[in-house]
Structures are given as C-alpha cells and as structure tokens.
Amino acid sequence: MTAQLLGHGVRPTAQRLQIALLVLDRPCHFSADQLLASLRKGGQRVSKATVYNTLNLFSRRGLIREVAVDPVRLMYDSTTAPHHHFYNAETGELTDIDPTELRVSRLPALPRATEAEGIEVLIRIRPRKDA
Ligand SMILES: [Zn+2]
C-alpha cells in the first residue's frame, strides 16, 4: 500500500495508510461519511476534515475517483477507469454496471471544436412500489 501511495505522489502518513487500506484493498464505492464511520468503528480517532482532505488528495492523484450521484451527494469509487453505475437514491447504494450490458449506440452532435472524452452513464433506481 505504501508503494501504491508513493507511486501516485502521496506521502504515506499513518492516517492516509489506514484510509488507503480500507478503500484501495478491493473495488468499492463509499461516501466520506461511510468511510468515517468505518474508521471510527475500527477504533481510529480521525477527524471528518482529515477524511475529506485525504479523499480529496487521493482523488486528485488518481487513486480513487469521485462520482457525483446528485448535486448534494458525492460518492467515491476505488475503480478509476471510466464505467457505468446504478445509483439507488433511496439506499444511497452505488453499483457497477457490467460494461457488456450497456451500449451507447448514438451520440448527439458535439459542440463545436470538442471531442468526446468519455461516456459515463448513471442509472437512478428505486425500489419498486409493487415489489
Ligand atoms: Zn464503480
């Protein structure tokens, strides 16, 4: 983990390492609050500001990516390659969509002098009322 942080230009302090162990160990989606709760449950004394600052830093250095699921809620993803998601607005759960399951067959004309950099689809879901 230390090497991974150093490889992205992040100085591995004890708290950054603790956070990295939780979020970079396996593919996962999480909010800053969920991460803070996990750290505290594990007995870590860590401030909310430290969690936010560390997530910001990890994100800027390409260790994780931000997924803006709605205007007031930011989630983080340990998978940094572009991919598609389901977002359950009721539970707050973000899940990956199998890339073979979704195909974008047509794009609108792009604004002048631009090119598509990537397409990421976020499908908002909610529990069915009749289920
Ligand atoms: Zn994802």
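I will try to describe carefully the structure that is included in this document.

About the criteria used
Residues numbered from 1 in each chain as written. Predicted model: local features only at pLDDT ≥ 70, side-chain atom pairs only at ≥ 80, totals over all residues. Helix = DSSP H or I, 4+ residues; strand = E, 2+ residues; numbered from the N terminus. Contact = placed C-beta atoms within 7 Å. Core = buried A, V, L, I, M, F, W, Y, C linked by C-beta atoms within 7 Å. Buried ≥ 20, exposed ≤ 12 C-beta atoms within 10 Å, placed from the backbone. Pairing = 2+ DSSP bridges. Axes fitted to C-alpha atoms, helices over the stretch in contact; angles between N-to-C directions.

This brings us to the environment of proline 12. Checked against the element boundaries, proline 12 lands in the loop between α1 (2-7) and α2 (14-23). In this structure, the C-alpha to C-alpha distance between proline 12 and methionine 1, residues 11 residues apart in sequence, is 8.7 Å. When neighbours within four sequence positions are excluded, proline 12 is seen to be in contact with Thr2, Leu5, Leu6 and Leu17.

For alanine 113, which is not a glycine, the phi torsion comes out positive at approximately 60°. Along the chain, alanine 113 turns up in the loop between β5 (93-96) and β6 (122-125).

Before going further, it helps to examine the nonpolar core. With 18 residues, the main nonpolar core has Val23, Phe30, Leu35, Phe58, Ile64, Met75 and Tyr76 as its most contacted residues. Leucine 35 has contacts with Ile19, Leu22, Val23, Phe30 and Val51, leaving out every residue within four places of it along the chain.

The next thing to look at is the pairing of strand β2 (residues 65-70). Two elements, β2 and strand β3 (residues 73-77), share 5 bridges in a ladder whose sense is antiparallel. Among the inter-strand pairings, valine 67 is bridged to a residue of β3, identified as methionine 75. Following β2, the chain reverses through 2 residues before pairing antiparallel with β3.

On to the sheet that holds β2, then. Strand order in the open sheet made by the 3 strands is β1-β3-β2, with antiparallel pairing throughout. Every interior strand has two partners, whereas the edge strands, β1 (29-30) and β2, have only one.

Before going further, it helps to examine the sheet that holds strand β4 (residues 85-88). Spatially, the 3 strands line up as an open sheet ordered β5-β4-β6, and their pairing is mixed. Two strands bound the open sheet, and with one partner strand each, they are β5 and β6. Here the strands of the sheet are splayed against their neighbours by 25° on average, with no regard to which way each runs. In the sheet, β4 pairs with β5 via 4 bridges, with the strands oriented antiparallel. The residue bridging asparagine 88 from the neighbouring strand is glutamate 93, located in β5.

Shape descriptors only; they carry no functional weight alone.
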